[in-house]
Amino acid sequence: MTTERTLIGLLLGTEEDWPRAFEEVLRRLGPVPGTGGTRHAFDCERITIEPFGLRDRPRYHLVIDRLAYWYYHPREWLKKVALMDGVYLLNSPFTFQSMEKHAAYCAMMRLGLKVPDTVLVPYKNPVDNARYAYTAARYNRPFDLDAIAGRIGYPLYMKPYDGGAWRGVSRVRNPAELHAAYDQSGEMLMHLQKAIDDYDAFARSLSIGAETMVMRFRPDQPMHLRYAVDHGFLTPQAGGEVVTIGRLVNAFFRWELNSCETLVKDGEVYPIDYANACPDLALTSLHYYFPWAIKALVKWCVFAMATGRRPRFDVAADQYFEVADDPGVSYAGKLDAYRALADAYFESERYQDFCATRLAHLDEIVLDWVAGPGFDELLVQTVRSVYPAHEHDQFIAHLRGLLGMWVRDESARLRASA
Ligand SMILES: Nc1ncnc2c1ncn2[C@@H]1O[C@H](COP(=O)(O)OP(=O)(O)OP(=O)(O)O)[C@@H](O)[C@H]1O
Ligand SMILES: [Mg+2]
């Protein structure tokens, strides 16, 4: 049997937790039988940043990027290796740059999703460009901010069109807060968005390739308590809709590692934020769900490489628009059709089959590792690097409790399926 070596590159900023977990699980997994009588052996390296010739050939076959959203030299390297060298990138760098929040809102509104009413207002402060004064004097129409807010209705959210990490997000309850928030927005370009208030559940889903984890999110809690461990917080119907919306967004834009925020109220699902090129994978915030995320990431990378899946950078928007524009299809019918398109894009059935036949032992490998001393060491080191010294004991105990619960649940699940 011939062995093909695959090199996975990690493009990292400050994270240590999930990269170390990923490297370890991939190492423990070992070579995987591919299709057509070959064996696939995986190596993993952290990518360094250095000058590159545009005709240089990269050594990597697949890259997981966590850096390009703010560091532009590796961002351009990603585009080069995607366009010139066929390197597999989980998220298309092209759509992630052009389809930030704003474009993602537009696309999903066009597809009929219940995105709350949203208005983009011009910059508060002059744009730093010598042409601005003349252009603004000639073409910027005065506008009535209060009237816009009045049409949307209070409360509303003012937030950057391309946001992330809650930068510049404010909840606005009245005209005084509206003007204060707009004055503060300065050089940021802002959306005003109708608030979905008194929602029944905030669902944050994390999608990795063909898998999605829907988690109950509590934005008012400190970071380590935001994801609640709660398996039945949505009705099966709302849960299915949340999964479909996450997969739809990702298939539409060619993203394979992304999170999606939806608010569920009276059985309706409202997507509010679903363009997160660098979704939260931190052990300290995902805790119980961290082993799932690492496993899903390993499985997806291995599946993509061992089956020769090709990255797609073209978006096939028309397929989706055809469904959207069909007046004879209900909202539920459209969701079904989108789900089918997304499942086809992610090769969901082939992926499930691949995991069941080639990666069946991975569950045991990960359980063994999470239950052992190596994982505990990672947990302790992560807490030490994130929290001040006087909080270490508290957070170590907190995380050990949640991961211990995962180990018990996972052991029971594997016993039941044996
Ligand atoms: N339309 C809305 N209705 C209700 N709550 C909202 C709405 N928009 C935003 N929020 C609240 O504000 C938070 C931050 O908004 P948003 O997710 O759009 O910004 P962000 O900068 O992307 O944050 P993050 O990086 O944490 O995802 C949301 O998690 C939610 O709690
Ligand atoms: Mg958000």
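Just above, that's the structure.
Residues numbered from 1 in each chain as written. Chains lettered and ligands numbered in written order. Predicted model: local features only at pLDDT ≥ 70, side-chain atom pairs only at ≥ 80, totals over all residues. Heavy atoms only, no water.

Colleague: For this particular structure, what's the right way to read the overall build of the protein chain?
Modeller: From N to C terminus, the protein chain includes 16 helices and 14 strands. Computed over C-alpha atoms, the radius of gyration of the protein chain comes to 23 Å, within 12% of the 22 Å expected from 2.2 N^0.38 for 418 residues, which places it in the range of a compact globule. Summing over all exposed atoms, the protein chain offers an accessible surface of approximately 19700 Å²; the carbon and sulfur share of this is 52%. Positive and negative side-chain charges in the protein chain, numbering 47 and 54 respectively, have mean positions lying 2 Å apart. (Helix = DSSP H or I, 4+ residues; strand = E, 2+ residues; numbered from the N terminus. Rg over C-alpha atoms; globule rule 2.2 N^0.38 Å. Areas by Shrake-Rupley, 256 points an atom, 1.4 Å probe, with all protein chains shown as cover. Lys, Arg positive; Asp, Glu negative; His and termini not counted. Charge placed at Lys NZ, Arg CZ, Asp CG, Glu CD.)

Colleague: Explanation requested: the site of ligand 1 in the structure shown.
Modeller: Every one of the 17 residues lining ligand 1 counts as a neighbour, but Lys101, Lys159, Ala165, Trp166 and Asp273 are closest to it. One nitrogen or oxygen atom from the side chain of Gln193 is found 3.0 Å from a nitrogen atom belonging to ligand 1. Those elements that provide at least two residues to the shell around ligand 1 are strand S7 (156-160), strand S9 (190-194), strand S13 (257-265) and strand S14 (268-273). When the residues that make up the shell around ligand 1 are grouped by side-chain class, the tally is ten nonpolar, two polar and five charged. (Near = heavy atom within 4 Å. Polar contact = N/O pair within 3.5 Å; in protein donor to acceptor, adjacent residues only side chain to side chain. Nonpolar A, V, L, I, M, F, W, Y, C, P; charged D, E, K, R; others polar.)

Colleague: Just to check I follow, could you spell out the packing of helix H10 (residues 290-306) against helix H14 (residues 362-370) for this structure?
Modeller: What describes two packed helices is the angle between their axes and the distance between those same axes. Put simply, H10 and H14 touch, their axes get as near as 11 Å, and they point 140° apart. Of the possible angle classes, the one that applies to H10 and H14 is oblique. Between H10 and H14 the crossing geometry is right-handed. Where H10 approaches H14, its residues Pro291, Lys295, Val298 and Lys299 are matched on the opposing element by Leu362, Asp363, Val366 and Val370. Residues that form the contact of H10 with H14 fall into these classes: five nonpolar, no polar and three charged. (Axes fitted to C-alpha atoms, helices over the stretch in contact; angles between N-to-C directions. Parallel < 35°, antiparallel > 145°, perpendicular 65-115°, else oblique. Left-handed = near helix turned anticlockwise from the far one by under 90°. Contact = heavy atoms within 4.5 Å.)

Colleague: Explanation requested: the pattern of salt bridges in the structure shown.
Modeller: Oppositely charged side chains may form a pair once their charged atoms are brought near each other. Under the definition given, this model contains 31 salt bridges. Asp85 is the partner of Arg57 in a salt bridge, and the nearest nitrogen-oxygen pair spans 3.2 Å. Taken together, the residues span a long stretch of sequence, with Arg57 in the loop between strand S3 (38-46) and strand S4 (62-65) and Asp85 in helix H2 (residues 72-85) at a distance of 28 residues. We note a salt bridge from Asp343 to Arg339, for which the minimum N-O separation is 3.6 Å. (Salt bridge = Lys/Arg side-chain N within 4 Å of Asp/Glu carboxyl O.)

Colleague: Looking at this structure, how should I read helix H1 (residues 17-29)?
Modeller: An α-helical turn contains 3.6 residues, so any two residues separated by three or four positions project in the same direction. Taking 1.5 Å of rise per residue, 13 residues should cover 18 Å, and H1 covers 18 Å from first to last C-alpha, within 8% of that figure. The positive-phi residue at the C-terminal boundary of H1 is Gly30, with phi of around 75°. (Expected span 1.5 Å × (residues − 1).)

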